[in-house]
Structures are given as C-alpha cells and as structure tokens.
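Now for the letters of each chain:
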Amino acid sequence: MAYIQFPEDFKWGVATAAYQIEGAVRQGGRGPSIWDTFSHTPGKVLNGDNGDVACDSYHRYEEDIALMKELGVNVYRFSVSWPRIFPEGTGKVNKEGLAFYHRMVDKLLENGIEPMCTLYHWDLPQVLQDKGGWDNRETVEAFVAYSELIFKEFSGKIKSWLTINEPWCVSFLSNFIGAHAPGNQDLALAVNISHHLLLAHGKAVARFRDLDIPGKIGFAPNVTWLEPYSRDQEDVEACRRGMGWMVDWFLDPIFTGTYPAFMVDWFAANQAPLQIKDGDMEWIKQPVDFIGINYYESNVGRHNPQGGMLEVESVDMGYKKTDIGWFINAEGFYNVLTFIADKYGEIPIYITENGICINDGVEDGTVNDQRRIDYLKGHIAAVARSLKSGVNIKGYITWSLLDNFEWAEGYSKRFGIVHVNYRTLERTKKESFFWYQKVIGNSWLEV
Ligand SMILES: N=[N+]=NCCCCNC(=O)[C@@H]1[C@H]2[C@H](O)[C@@H](O)[C@H](O)[C@@H](CO)[C@@H]12
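Values in this document were obtained by computation on a predicted structure and should not be read as measured data. (Residues numbered from 1 in each chain as written. Predicted model: local features only at pLDDT ≥ 70, side-chain atom pairs only at ≥ 80, totals over all residues. Heavy atoms only, no water.)

1. What about the site of the ligand?
The ligand sits among 14 residues. The nearest are Gln-20, Glu-166, Glu-353, Glu-406 and Trp-407. Measuring from an oxygen atom of the ligand, one finds a side-chain N or O atom of His-121 at 2.9 Å. The contact in question runs from an oxygen atom of the ligand to an N or O atom on the side chain of Trp-399, over 3.2 Å. For the ligand, the accessible surface in isolation is 520 Å², of which the surrounding protein chains cover 84%. A per-class count over the shell around the ligand returns 7 nonpolar, 3 polar and 4 charged. (Near = heavy atom within 4 Å. Polar contact = N/O pair within 3.5 Å; in protein donor to acceptor, adjacent residues only side chain to side chain. Areas by Shrake-Rupley, 256 points an atom, 1.4 Å probe, with all protein chains shown as cover. Nonpolar A, V, L, I, M, F, W, Y, C, P; charged D, E, K, R; others polar.)

Shown next, in the form of structure tokens:
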C-alpha cells in the first residue's frame, strides 16, 4: 500500500455555517436574516424547508465539538451570524449573541481546536436588505462596523479570519441566477453587488490591520474548472468566461487592483457596466494573508449561442455525478489550484470547502457512504499532487461536519461526514467520518 505524506504543519479541518446548522432563529436575541425571509417564502426552498431548527447547533455545539475532538481536527471553520450580533444590522449589539460565540470558541480552544471564523456566510440582516442590501454602499460600512466589533471581541481567541464566503454566490447566484436569497435576476445589479462585496472585504481587511489584531485574514471564493468541449475559439472563450466571473473577477482586484478586462467588456456589452468610485480599488487591493478555496466540481463547457449563463453551457461527458447532480472530477481540482498558483503566486491557500452530496441514510446504526470516501480520497490526492507541483496549500477543510440546511435544496441534500436525523437531531458518524479520522491521525493518504 502506498502513502502520500502531508507536511508536518498541514492543517485538517471541518466547516459549517451559522444559518445552516444553528437553528434558534428567534432565540438569544437574534434578528431576522435574508435567509429567514427567503426560506419562509413559498416556492423558494425545496419542500418548504427552513433554518428555524436546522441541526440545533445553537444548543448542541458542545456535542458537535466532541465529534470534532474525536475526529482529531486541528481547525474548525464556522461562521458568525451577523443578525445574532446586530439584530438590526447596525446599532444595538446583542450581548447574548456575543456570549454564544464566546462559549463556542472557548470550548473549541479547550479542546485544542483552532477556530477559523467566516464573518459573512450569506445571512445578511433583513433590515439591511430592506435598505437595498449589498446594492447599497451603506451595507459596506455596516459590514466593516460588524467586522470591527467581532475582531475586537475575539482578538487573541480567533486568529484565522475569512471576510466573505463565496462572493460569486452572494452576487451572481443570488442576484442574477436568483437561486439563493434574496433571489433577484438582474445582471447589472449582481455586478454592482460583486464590487460592493470586494469593497467590503478590502475595507474590513484594512480595519483588521489598523486595529493590529493578531492573526491572519483572507476570503473564500468558490472556484471551478471548465475544460473546453472543442478547440473552437467560441468554446475556449466560453470556458474562460465561465471561470472568469467566478475566479478572476474576485481574485484579480485583490491581487492586481484591477478587474479582468475581458469580463469588464463582456458585462458592459450585456448592459451590466461595472461602476467604480475613485479610491475603491485601493481599498480592494489590501494584501491578504491567505485565500480560502472552495471547490466542488468541474465541467466541460461550450459556447451557448442561445444565451443562458454568460452563453456558457455544460456538456455531459458521462462523468459520475453526486446526489445534487454535480460532476465529479478531481483532475479539475488540480487544474484550478495550479491555475490559481500560476496566476497569483505563492499566496498561502487553505482548502476551506471541499465535499460531496451523498444522501445515504442510516442502516443498522451506520451510514456506508463509500462514494463520499472515494470522492474525498480523489480530491485529497489532487491536493497532494498540487502541493507536489509547488502550490502553497496549508490545509484541507472538508464541507461539512454535519448534514445541514443546504440552502435552496433544504434538507434533501446531505454533505456531512456525520448524519443528522432532522426529527430527533441525533448525530450518527458515517463511515467517511472514520476514514477521515485516519487520514487526519496520520496526516497521510493511502493510495
Ligand atoms: N451547479 N453547480 N454548482 C456549483 C455551485 C457552487 C456554489 N455552491 C457552493 O459552493 C456551496 C458552498 C457554500 O459555502 C456552502 O454553504 C454550501 O453548503 C456548499 C454545498 O453546496 C457549497
């Protein structure tokens, strides 16, 4: 049996997000978020599911941390619920909300688990959405004020920070495609929101530096790899666009202070001009200490003259699919990681999300999710190969510790290495939990 040994200081972790696991949406002083509104709007979420209870981790976090301790992770990536801290988005601080995260973070530290905090994982306070949400530049300032409060409150306890999770989802998936909250379908609006998200990120990083908070800060874009279906220029350009609006659009401004011209031109030609104010790019290009990379799937893409998403369509080449319908292609993970390293250099990278939707249920007290083990094995091997090719990867954090509220898919899609019975809230360790426990324990992968 051959082994791939990971570096001595390589970190292993699990990830979750507040709205997807906490529940207790009207407890502890929390205010409503756009996902409370969206999930309670008929037709928006499959089966009418919502995050009112979720995994009840607001009350069961100690049980979750005991699972992490048993798993042996070094890092737990979680998100703070902005409306649990500022129920109105700004102004009055909810002390009960701060106390909850102090209890949770203290329990992590007691167990030798490093907290990695995502400040924004999609649950915008509804009060801010009522004032225009991310389309309103005031929300940028509100995010900076919220970030500053959390930086100061947890300075010294939390040393790894992510500003915004998946700005492509927050802007384009949620305001052009419309699948996520608040569900707009307007490309010009989405482009404007993407710029405000980057501005919010940059201003929060600048505040982090000004306050001299100990630790490291980054952000977590979701990325993909698109292989052209043919060598036709139209297919090649379509794939470049399909990666351009997800990868280059969010990384170029931070690393070069400019947006990728080919995307600026494409948006302008499609009545979605980018509007930048003087000084914005200076804020956005604040140096980050690392980037989080969230990767799930790759596709083969080709030009779609009928339009659709940026005139790009995915071609079914018969790859295996997950239970959410995404294609499985670990090669694409290696390709996009080396693409990012070639383009943006030695910046340290944490894989802040990688995982698979497999809906296997509990049988005789366990869940035999061999397909998840196969996926994780192939993708962790791609991380090892990327490391060997010189990509500066510092850790791997799988999505997710728990089955949880999978946004517009509700509870129908399971990404956890721990099964959750949503009626009883009982947690059951899946076979992938025990497999990942061994990988972490040895920090090596059997191949
Ligand atoms: N077609 N298609 N495909 C890909 C769409 C990618 C966008 N979704 C994500 O990356 C989300 C990210 C999120 O952070 C987490 O909160 C979600 O639970 C996971 C699982 O969905 C992933």
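After that view, the rundown keeps rolling.
2. Description of the nonpolar core
Generally speaking, nonpolar side chains in soluble globular proteins are found buried as a group. Counting 137 residues, the largest nonpolar core has Trp-161 and Ile-340 as the members making the most contacts within it. If one sorts the elements of this core by residue count, helix α9 (residues 187–210) sits on top with 12 residues. In this view, Trp-161 contacts Cys-117, Leu-119, Ile-150, Phe-151, Phe-154, Phe-208, Ile-213, Pro-214, Lys-216, Ile-217, Gly-218 and Phe-290; residues no more than four positions away in its chain are not counted. Membership of the second largest hydrophobic core comes to 14 residues, among which are Val-75, Ala-220, Ile-397 and Phe-415. (Core = buried A, V, L, I, M, F, W, Y, C linked by side-chain atoms within 4.5 Å. Buried < 20%, exposed > 50% of the residue type's maximum accessible area, 1.4 Å probe, protein only. Helix = DSSP H or I, 4+ residues; strand = E, 2+ residues; numbered from the N terminus. Contact = heavy atoms within 4.5 Å.)

3. What to know about the packing of aromatic side chains
On inspection of all chains with the given rule, the structure shows 47 aromatic pairs. Among the aromatic side chains, those forming a connected cluster through ring pairs are Trp-168, Phe-172, Phe-176, Trp-245, Trp-249, Phe-250, Tyr-259, Trp-266 and Phe-267. We note Arg-84 situated over the ring of Phe-100; from NZ or CZ to the ring centre the distance is 5.9 Å. If you follow Arg-302 out to its NZ or CZ, it ends over the ring of Tyr-229, 5.1 Å from the centre. (Phe/Tyr/Trp six-rings, centres within 6.5 Å; stacked < 30°, edge-to-face > 60°. Lys NZ or Arg CZ within 6 Å of the ring centre and 35° of its normal.)

4. Topic: the UniProt feature "active site" (unreviewed entry) in the protein chain
Within the UniProt annotation, "active site" (unreviewed entry) is assigned to Glu-166 and Glu-353. With the annotated positions falling across 188 residues, the maximum pairwise C-alpha distance of 10.3 Å places them together in a single cluster. Considering the arrangement of structural elements, one finds Glu-166 in the loop between β5 (160–165) and α8 (167–177). Taking the relative accessible area as the measure of exposure, Glu-166 reaches 6% and is therefore buried. Contacts of Glu-166, omitting those with residues within four sequence positions, involve Trp-122, Ala-220, Pro-221, Asn-222, Asn-294, Tyr-296 and Glu-353. In this view, Glu-353 contacts Arg-77, His-121, Asn-165, Glu-166, Ile-293, Asn-294, Tyr-295, Tyr-296, Ile-397 and Trp-399; residues no more than four positions away in its chain are not counted. At 3.1 Å, the side chain of Glu-353 and the side chain of Asn-294 are in polar contact. (UniProt positions renumbered as here; feature names shortened; annotations may be inferred.)

5. Comments concerning α8
Helical geometry note: an α-helix holds 3.6 residues per turn, so side chains three or four residues apart project in the same direction. Among the 11 residues in α8, 9 count as buried, and that is most of the element. Inspection of α8 places Pro-167, Trp-168, Cys-169, Val-170, Ser-171, Phe-172, Leu-173, Ser-174 and Asn-175 among the buried residues, and these make up the whole buried set.

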